[in-house]
Amino acid sequence: MPSLKDLRNRIASVKATQKITKAMQMVAAAKLRRAQAAAEAARPYASKMEAVLANLAAGISGSDAPALLAGNGKDQVHLLIVCTAERGLCGAFNSSIVRLARERINSLLAAGKTVKILCVGKKGFEQLKRNYERHIIEVVDLRAVKHLSYGEAEMIATKVIGLFEQGEFDVATLFYSRFRSVISQIPTAQGLIPAEIGSGEGGTKAAYEYEPDEAEILSTLLPRNIAVQIFRALLENAASEQGARMSAMDNATRNAGEMIKKQTQKYNRSRQAMITKELIEIISGAEAL
Amino acid sequence: MATFPFELVSPERVLFSGEATQVVVPASEGEITVLANHAPFMSALRSGVVTIDNGQRLFVRGGFADVSQAGLTVLAEQAVPLDEINPEALSGQIRNAEEDLRDAKTDEARTRAQAKLDGLNAMMAAIRN
């Protein structure tokens, strides 16, 4: 049976924790609003890009398509780009992305493929290095970045394209969490190289005029498309992270509230019990006289 | 005059979306003016100024212009309305970029600094005109 002082201390410590989780929840909510706005602002560019690319790709026949679009014909070495957060305390956000990546890694390894991993974000790296340290070729640290801009995505894209051109891998897949709502983030795997192009609105294959020529436009458009896809993944991830953190902290605050309620009740009961006991002692003492 | 749908988007936001009668785009091989019912056309962009018929002028760097039946879409790597650029802040940034270029130690850093400086200089030239 804990003493009254123990109970008091416990209540005070839970209250302090609750204050912290509450503050974190509010910070996450504010950041979420910003991240969501950024993710939404980036959507038109990405979808336009996809439409333009789909249009172009439709006009290019199979064999002379650039490697970035159609792949290099092999699928022996896979590069997995795993985007996670730099910070924890956001529920299952990081682990669900890592779980998806891990499933893919295991199935690829079982099929006898070579796997290389590029980690964006510290948390994913920490979880993956336990089992797959020798597969990890690079870690991109975005901790110093306060405001995600297209520049970061471009930097990662340049790295990926450089590796591809050196023949370091054949197929690239991007892992991130798609933001659907505050309570629902969907871990997603998206093919990056070869490019995964939706059929788009296609159909309107008008005779386009290109300036400079088709191949040249495509060869500058494709690297840019990769940067855009990565940028979108990073933004969606940022929004998802804040969303996940917000709901995780909301839960934590609620749990702390419940705990405080229970402990306070226990405290009051034992205080009452003590008073009653003392009264009984006094009364029985008086009766004995 | 006939209008056509025009959209100017950068990765970070949509800068213009609406009807226009005439848009001047700095294509890689010279400026082109797009009017309604332009034939399908696609071009890379160089750094320069997009002028919309209502007098709006925007600086764009890198990207593509795509003309189709659905109208004109400009996908710019970077796009800023000219009246949002502050010449003094810009010349400060140019000085910083020049310094970065001098301090750059690796080739990679040097090319990055040079690219940044070129972009800023193009922006400066755009305001002067």
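Residues numbered from 1 in each chain as written. Chains lettered and ligands numbered in written order. Predicted model: local features only at pLDDT ≥ 70, side-chain atom pairs only at ≥ 80, totals over all residues.

(A) Molecular detail of the overall build of chain B. Helix and strand content of chain B: 2 helices and 8 strands. Its helices and strands taken in sequence order, chain B reads β-β-β-β-β-β-β-β-α-α from the N to the C terminus. The dimensions of chain B, computed from C-alpha atoms along their principal axes, are 50 × 30 × 25 Å. Taking all 129 residues of chain B together, 28% fall into the buried category. (Helix = DSSP H or I, 4+ residues; strand = E, 2+ residues; numbered from the N terminus. Buried ≥ 20, exposed ≤ 12 C-beta atoms within 10 Å, placed from the backbone.)

(B) Up close: the overall build of chain A. In terms of regular secondary structure, chain A is built from 6 helices and 6 strands. Helices and strands in chain A line up, N terminus first, as α-α-β-α-β-α-β-α-β-β-β-α. A compact globule built from 289 residues would reach a C-alpha radius of gyration of about 19 Å, whereas chain A, at 28 Å, exceeds it by more than 25%. Dimensions of chain A, computed from C-alpha atoms along their principal axes, come out at roughly 115 × 40 × 30 Å. Scored against the burial criterion, the 289 residues of chain A give a buried share of 31%. (Rg over C-alpha atoms; globule rule 2.2 N^0.38 Å.)

(C) Main features of the packing of helix α3 (residues 93-110) of chain A against helix α4 (residues 122-132) of chain A. Residues and elements named next belong to chain A. Close contact between α3 and α4 brings their axes to 9 Å; oriented N to C, the two are set at 35 degrees. Every pair of crossing elements has a handedness; the one defined by α3 and α4 is right-handed. Between α3 and α4, the contacting residues are Asn94, Ser95, Ile97, Val98 and Ile105 on the first element and Lys123, Gly124, Gln127, Leu128 and Tyr132 on the second. When the residues that make up the contact of α3 with α4 are grouped by side-chain class, the tally is 5 nonpolar, 4 polar and 1 charged. (Axes fitted to C-alpha atoms, helices over the stretch in contact; angles between N-to-C directions. Left-handed = near helix turned anticlockwise from the far one by under 90°. Contact = placed C-beta atoms within 7 Å. Nonpolar A, V, L, I, M, F, W, Y, C, P; charged D, E, K, R; others polar.)

(D) How the structure looks around the sheet that holds strand β3 (residues 136-140) of chain A. Residue and element names in this part refer to chain A. The strand order across the open sheet built from 5 strands is β3-β2-β1-β4-β5, with neighbouring strands paired in mixed fashion. Either end of the sheet is taken by a strand with one partner, and the two such strands are β3 and β5 (184-193). The mean inter-strand angle of the sheet, taken between neighbouring strand axes irrespective of direction, is 20 degrees. Along the sheet, helix α5 (residues 150-165) makes contact with β1 (77-83), β2 (114-120), β3, β4 (171-181) and β5, crossing β1 at roughly 170 degrees. Packing of helix α6 (residues 214-288) onto the sheet brings it into contact with β1, β4 and β5, and relative to β4 it is tilted by some 40 degrees. (Pairing = 2+ DSSP bridges.)

(E) Summary view of the pairing of β1 of chain A. Residue and element names in this part refer to chain A. Taken across its 7 residues, β1 has 6 buried, putting it largely inside the fold. Two strands pair when backbone bridges link them, and β1 and β2 are joined in this way by 7 bridges, in the parallel orientation. When the sheet's bridge partners are listed, Ile81 is paired in β2 with Leu118. As defined by bridge partners, β1 adjoins β4 across 5 bridges and the pair is classed as parallel. Within β4, the position partnered with Leu80 by the bridge is Thr173.

(F) Main features of the interface of chain A and chain B. If you look at the interface, chain A gives 21 residues, while chain B gives 21 residues. Elements with a contribution of two residues or more to the side of chain A that touches chain B: α1 (4-59), β6 (209-211) and α6 of chain A. Of the residues in the side of chain A that touches chain B, the class split is 16 nonpolar, 2 polar and 3 charged. Relative to strand β5 (residues 41-44) of chain B, β6 of chain A runs parallel, the two being bridged by 3 bridges. Following the sheet pairing, Glu209 of chain A is matched in β5 of chain B by Phe41 of chain B.

(G) Looking closely at the domain arrangement of chain B. All names here are of chain B. Assigned domains of chain B: these are domain 1 (4-83) and domain 2 (85-128). Spacing between the C-alpha centres of domain 1 and domain 2 amounts to 24 Å. Listed by contribution, the elements that provide at least two residues to the side of domain 1 that touches domain 2 are β6 (48-52) and β7 (57-68). Considered class by class, the residues forming the side of domain 1 that touches domain 2 number 4 nonpolar, 2 polar and 1 charged. (Domains from an automatic or database assignment.)

(H) A look at the confidence of the model for chain A. Predicted confidence across chain A gives a mean pLDDT of 87, with 94% of residues reaching 70 or more. Averaged over each element, pLDDT in chain A is lowest for helix α2 (residues 67-70) of chain A (76) and highest for α3 of chain A (93). (pLDDT = per-residue confidence, 0-100.)

(I) Broad picture of the pairing of strand β4 (residues 30-35) of chain B. Both strand β3 (residues 22-27) of chain B and β4 of chain B contribute to a ladder of 6 bridges, which runs antiparallel. Residue Gln22 of chain B lies in a different strand from β4 of chain B, and its bridge partner there is Leu35 of chain B.

(J) The arrangement of α4 of chain A in detail. Listing the buried residues of α4 of chain A in full gives Lys123, Gly124, Phe125, Gln127 and Leu128 of chain A. The inward-facing, buried residues of α4 of chain A abut β1, α3, β2 and β3 of chain A.

(K) Just unusual backbone geometry, in detail. Residues and elements named next belong to chain A. Along the chain, Ile193 connects to Pro194 via a cis peptide bond; the corresponding omega equals -5 degrees. On the secondary structure map, Pro194 appears in the loop between β5 and β6. One non-glycine residue, Leu89, lies in positive phi territory at about 55 degrees. Of the residues examined, Leu89 has 15 C-beta atoms within 10 Å and is grouped as partly exposed.

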